[in-house]
Amino acid sequence: MRQHLKPCHRHVAALLILIIPGFSYARESLPNLQFSLKPRLCVLADGQSQCQDQLEVEWASDRERSLCLYQNDQTTALHCWSNQRTGEYRFKITTHTSTDFQLREEGASTVLGREIFEVVHQQKRYRKSRRNPWNFF
């Protein structure tokens, strides 16, 4: 019985040798990318119709990349970086709705990072006075 196990072990070892490099390749092909947007929220007070804010986009990668920043699935990039490991971009935004920002590989449509600048409308809640009509005091 011991002789039957040895060939089996050889097949398992050979199979692992073939499979493990595939796993490491797949893991390396996934982007290790950090993407942030500050601020991510704008609260409109009563009477305000537009949010005006200074946004700061930052990203960092473990390897050099050529990336572009897009707004709301637009075809034209807001800003691009070529062969960089990090990137920063500051700009002013004026909007009345929430806006989606995407970081994509230059020349590709695959989204590597996504952040949403959310616009929230603050609503005053008027409380109705709770007075009984029969109470005179």
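Residues numbered from 1 in each chain as written. Predicted model: local features only at pLDDT ≥ 70, side-chain atom pairs only at ≥ 80, totals over all residues. Heavy atoms only, no water.

**Section: the packing of aromatic side chains**
Throughout the structure, instances matching the rule amount to three aromatic pairs. Among the aromatic residues, those joined into a cluster by ring pairs are Tyr 89, Phe 91 and Phe 101. Positioned above the aromatic ring of Tyr 70 is the side chain of Arg 104, whose terminal nitrogen or guanidinium carbon lies 3.9 Å from the ring centre. (Phe/Tyr/Trp six-rings, centres within 6.5 Å; stacked < 30°, edge-to-face > 60°. Lys NZ or Arg CZ within 6 Å of the ring centre and 35° of its normal.)

**Things to note about unusual backbone geometry**
Backbone torsion omega between Lys 38 and Pro 39 reads -15°, so that peptide bond is classified as cis. Relative to the elements of secondary structure, Pro 39 occurs in the loop between β1 (33-38) and β2 (41-44). Positioned with a positive phi, Asn 83 is a non-glycine residue whose angle comes to about 50°. When you line up the elements, Asn 83 lands in strand β4 (residues 79-95). You can call Asn 83 exposed: its relative accessible area is 51%. (Helix = DSSP H or I, 4+ residues; strand = E, 2+ residues; numbered from the N terminus. Buried < 20%, exposed > 50% of the residue type's maximum accessible area, 1.4 Å probe, protein only.)

**Some words on the side chain of Thr 95**
Its place among the elements puts Thr 95 in strand β4. When its relative accessible area of 9% is taken as the criterion, Thr 95 is described as buried. Polar side-chain contacts of Thr 95 include one of 3.0 Å to the backbone oxygen of Thr 97. Beyond its immediate sequence surroundings of up to four residues, Thr 95 is in contact with Gln 50, Cys 51, Phe 117 and Val 119. (Polar contact = N/O pair within 3.5 Å; in protein donor to acceptor, adjacent residues only side chain to side chain. Contact = heavy atoms within 4.5 Å.)

**Thoughts on the state of the cysteines**
Under the definition given, this model contains two disulfides. The disulfide bridge from Cys 42 ends at Cys 51, spanning 1.9 Å between sulfur atoms. Judged by the sign of its S-S torsion, about 115°, the cystine formed by Cys 42 and Cys 51 is right-handed. Look at Cys 51 and you get buried, because its relative accessible area is 0%. Through a disulfide, Cys 68 is tied to Cys 80; the S-S separation comes to 2.0 Å. (Disulfide = S-S within 2.5 Å.)

**Notes on the pairing of β2**
Both faces of the sheet carry side chains from a regular strand, because those side chains alternate between them. Alternating positions in β2 separate cleanly, Cys 42 and Leu 44 being buried on one face and Leu 41 and Val 43 remaining unburied on the opposite face. Pairing analysis gives four bridges linking β2 to strand β6 (residues 111-121), with the strands arranged parallel. Looking at β6, one finds that Leu 41 is bridged to Glu 118. (Pairing = 2+ DSSP bridges.)

**Re the pattern of salt bridges**
Scanning all chains against the criterion turns up five salt bridges. Residue Arg 65 is joined to Glu 105 by a salt bridge in which the shortest nitrogen-to-oxygen separation is 2.8 Å. Taken together, the positions of Arg 65 in strand β3 (residues 51-71) and Glu 105 in strand β5 (residues 99-105) put the pair 40 residues apart, joining distant regions of the chain. The class of Glu 105 is partly exposed, set by a relative accessible area of 25%. Residue Arg 90 pairs with Glu 88 through a salt bridge whose shortest N-O separation is 3.1 Å. Accessibility expressed as a relative area gives 45% for Arg 90, which makes it partly exposed. When salt bridges that share partners are traced, they join Glu 56, Glu 88 and Arg 90 into one network. (Salt bridge = Lys/Arg side-chain N within 4 Å of Asp/Glu carboxyl O.)

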